[in-house]
Amino acid sequence: MVNSPSWQNLSYSTTLQIFQESLTIFSEWSGANVVRAPSETGMASVDAIATAKKLTAWPSHEKIDALQVIFDAIHLEQEQAQTTKVLYWPAWAINNCNNVHDPQKQYPPIPYPLTQPPTEQQVDALRQQVKQTLEDLTDHDWEQLPLLMLILEKYGSYLSFGQANVALFDQVRATAAVAAALADNPQVSQLCLVAADLSGIQDFIYTISSDGALKSLRARSFTLELVTEEIVQQLLGQLALPRASVIYAGGGNLYLLAPATEATAEMICAIRNQANDWLLDAFQGKVFLSLDCHNFAKEEIGQKKFADHWECVIKKLAVQKNRKFDQQLDQLLKPKTAHEPCKVCHRDDTEDLKPLGGDGVEACPTCRQMFDLGQRLFNVGALVRSPTPKILGALDTIEICIGDSPIYYHLFETARTIPQQPETVYLINNWDVDLYKFPHFRNPTLLLLGNYGQRIDPEPETNQPPGYITAEELADRS
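Attention in this report is confined to the structure presented alongside it. (Residues numbered from 1 in each chain as written. Predicted model: local features only at pLDDT ≥ 70, side-chain atom pairs only at ≥ 80, totals over all residues. Heavy atoms only, no water.)

1. Thoughts on the pattern of salt bridges
The criterion, for reference: Any Lys or Arg side-chain nitrogen located within 4 Å of an Asp or Glu carboxyl oxygen qualifies as a salt bridge. Only DSSP runs of H or I with at least four residues qualify as helices, and only runs of E with at least two residues qualify as strands; both kinds are numbered from the N terminus onward.
In this structure the tally under the stated criterion is 17 salt bridges. Among the salt bridges present, the one from Arg376 reaches Asp396, with a minimum N-O distance of 2.9 Å. Of this pair, Arg376 sits in helix α11 (residues 365-376) while Asp396 sits in strand β11 (residues 396-400); the two residues are 20 residues apart in sequence, bridging distant segments of the chain. One salt-bridge network, held together by shared partners, links Glu120, Asp124 and Arg127.

What follows is the structure in structure tokens.
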């Protein structure tokens, strides 16, 4: 069964109302003519929203303005007094940058800070984009939280809201995360910070050898990103929280806010043990999941004291790292028969060795899959998360089993090549608002991936399609 947050629970409705309110403010800023029908998603927790706004310093004067660079607010204790200019981010929307069919559109522009605020002409250009996007929304679109989150992130990441160095999207997302955790009981005194860390990433990715193995580095990194994402999905599904509750997820780390209950702590312990059962079996103990939580007074969410709580949960993860697989000792210490080791990752617990890439060194199933996947990733534009092991048209499939049943991530070249409307679809580096509208997909999620490479055109006589340069070829050219 695919776990996903309830579409009608109080946390979802509360989060949706916050994003609807923020986009209404955005529409007034842009001059959009937006008339909305009454919400269909049910009653939100008004008390939770009011409390969350107070805790996250929601601005009383809801003014959208230029965004200053937050690094300018950092002042070291031993720093010499000096006068510096205030820097600003350009006012722009985030657009698609990963077009596998056009080498000139594969790399995102770099938003260099400005010494002066964006010009009125630049702000007006963004205002017109926002106006058009919001006026195109239907009443049904206004009820789709993933769509509203995408719009606010796309257009509100380079504008301030209240504080000059706090982005509109960041302010709204933080408020929504707090409100979602308080939705069922706004009067509670505590919130829960959940943290996770995948350790052993460097060993899993780089402890490989043999010709051609470098092609699998990208796939190995990508696979661990999906493991992190599956842990996020398990947490959100079993805690019945919306995606806005995730503070950060990437690079093997994740942080999210949750209700401070005994059920939360028990659920986290269960997910950690289930994940490490699978990681030990799939990666022979090279990768380990630390997952824990820490309760803190809700009034400290916007105070300096919150940094101490963040440090506390990180220390809890460090304790688990020093006791890896302590719940799987029977499996870890069980005698195993050794076989001829894989020539890539050196594992010796399987006899299923075959030539890498069809004509390479003898490699295990995992290394063969990573090698094949590494060559396909450049052409992947969407993923489908599903309990179904096969979907027509998928380029490749990655299986992750955290819990009773495996979950499959199916890779597709583009979102439009997916043959059905599955519940969870990931759009890679794709900011096309129209794709996030129902009925394209029920629960589309933006997945950011540094999937870039140097394209090369082969010699005409080889009749080979265009590809991407390898590390060996880069070394030869140097």
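Still to come is the rest of the account.
2. Regarding empty space enclosed by the protein
Stated formally: Cavity: a set of points on a 1 Å grid over the protein atoms alone where a 1.4 Å probe fits but cannot get out. Pocket: an open set with protein on both sides within 12 Å along at least five of seven lines, its lining residues, like those of a cavity, having an atom within 4 Å of a point. Grid points are joined across faces, edges and corners, and a volume is the space filled by probe spheres set on the points.
Under the defined criterion, the tally for this structure stands at 4 cavities of 30 Å³ or more. Taken as a whole, the largest cavity holds about 60 Å³ of empty space. What lines the largest cavity is Phe204, Arg220, Ala282, Phe283, Gln284, Lys286, Cys345, Arg347, Cys364, Thr366 and Cys367. If you list the elements that add at least two residues to the lining of the largest cavity, you get α8 (262-283) and α11.

3. Observations concerning the packing of helix α7 (residues 217-239) against α11
Going by this rule: Note on geometry: axes are C-alpha line fits, over the in-contact stretch for helices, and angles between N-to-C directions span 0 to 180 degrees. Any angle that falls under 35 degrees is termed roughly parallel, while one over 145 is termed roughly antiparallel, one within 65 to 115 roughly perpendicular, and all others oblique. By definition, residues are in contact when any of their heavy atoms lie within 4.5 Å. Lys, Arg, Asp and Glu make up the charged group, whereas Ala, Val, Leu, Ile, Met, Phe, Trp, Tyr, Cys and Pro make up the nonpolar group; the residues left over, Gly among them, are polar.
Closest axis-to-axis distance for the α7/α11 pair is 7 Å, and the angle between their directions is 100°. The orientation of α7 with respect to α11, classified from their angle, is roughly perpendicular. Judged by residue contacts, Ala219, Arg220, Phe222 and Thr223 of α7 engage Cys367, Met370, Leu373 and Gly374 from α11. Taken together, the residues of the contact of α7 with α11 sort by class into 5 nonpolar, 2 polar and 1 charged.

4. A look at the pairing of strand β3 (residues 163-167)
Cut-off, in case you're wondering: Pairing between strands requires that DSSP locate at least two bridges from one strand to the other.
As paired elements, strand β2 (residues 159-161) and β3 share 2 bridges and run antiparallel to each other. Residue pairing in the sheet places Phe161 in a bridge with Gln163 of β3. Between β2 and the antiparallel strand that follows it, β3, lie 1 residue; Gly162 among them carries a positive phi value of about 85°.

5. A few points about the sheet that holds strand β6 (residues 253-259)
A sheet is described by the order of its strands in space; here 4 strands give the open sequence β5-β6-β4-β7, paired in antiparallel fashion. The open sheet is flanked by β5 (246-250) and β7 (288-297), the only strands paired with a single partner. The sheet shows a mean angle of 20° between the axes of neighbouring strands, taken without regard to direction. Bridge analysis of β5 against β6 gives 4 bridges, and the strand direction is antiparallel. In the sheet register, Ala249 faces β6, and the bridge partner there is Leu254. Across the sheet, helix α5 (residues 168-182) lies against β4 (190-199), β5 and β6, angled at about 50° from β6, the strand it touches most. Its contacts with the sheet put α8 on β4, β6 and β7, and the angle it makes with β7 is roughly 170°.

6. Concerning the sheet that holds β3
The sheet built from 3 strands is open, its strands ordered β1-β2-β3 with antiparallel pairing. Looking at which strands have only one partner, the edges of the open sheet turn out to be β1 (64-66) and β3. Neighbour-to-neighbour, the strand axes of this sheet turn through a mean angle of 55°, independent of strand direction. Summarising the sheet, β1 and β2 pair through 3 bridges and their orientation is antiparallel. Residue pairing across strands places Ile64 opposite Phe161, the latter belonging to β2. Strands β1, β2 and β3 of the sheet are contacted by α5, whose axis makes an angle of about 70° with β3.

7. Comments concerning the pairing of β4
This is how it is decided: Relative accessibility decides the category of a residue: with a 1.4 Å probe and only protein chains considered, values under 20% of the type maximum give buried, values over 50% give exposed, and everything between is partly exposed.
Taken across its 10 residues, β4 has 9 buried, putting it largely inside the fold. Inspection of the sheet shows β4 paired to β7 by 10 bridges, in the antiparallel sense. Its bridge partner lying in β7, Cys192 is registered against Asn295. With 7 bridges joining them, β4 and β6 adopt antiparallel strand pairing. Note that in β6 the partner of Leu193 across the bridge is Leu257.

8. Focus on unusual backbone geometry
The amide bond that connects Phe438 to the next residue, Pro439, takes the cis arrangement and shows omega of 15°. Assignment of secondary structure puts Pro439 in the loop between β13 (424-428) and β14 (443-447). Its identity as a non-glycine residue notwithstanding, Phe325 has a phi of 55°, on the positive side. Secondary-structure assignment places Phe325 in the loop between α9 (306-321) and α10 (329-333). At Asn429, a residue that is not glycine, the phi angle is positive and equals roughly 50°. On the secondary structure map, Asn429 appears in the loop between β13 and β14. The buried category is assigned to Asn429, whose relative accessible area is 4%.

9. Section: helix α1 (residues 10-30)
Note the threshold: Take the residue count of a helix, subtract one, and multiply by 1.5 Å to get its expected span. Two N or O atoms form a polar contact when they lie within 3.5 Å of each other; inside protein one atom must be a possible hydrogen donor and the other a possible acceptor, and for residues adjacent in sequence the pair counts only when both atoms belong to side chains.
Relative to the 30 Å expected for 21 residues at 1.5 Å per residue, α1 spans 30 Å between its end C-alpha atoms, a close match to the ideal helical length. With 16 of 21 residues buried, α1 is to be regarded as a mostly interior element. Between a side-chain oxygen at the N-terminus of α1 and the backbone nitrogen of Ser11 the separation is 3.3 Å; the capping residue is Asn9. Phi turns positive one or two residues past the end of α1, at Gly31, with a value near 80°.

Keep in mind these numbers describe shape, not what the thing actually does.
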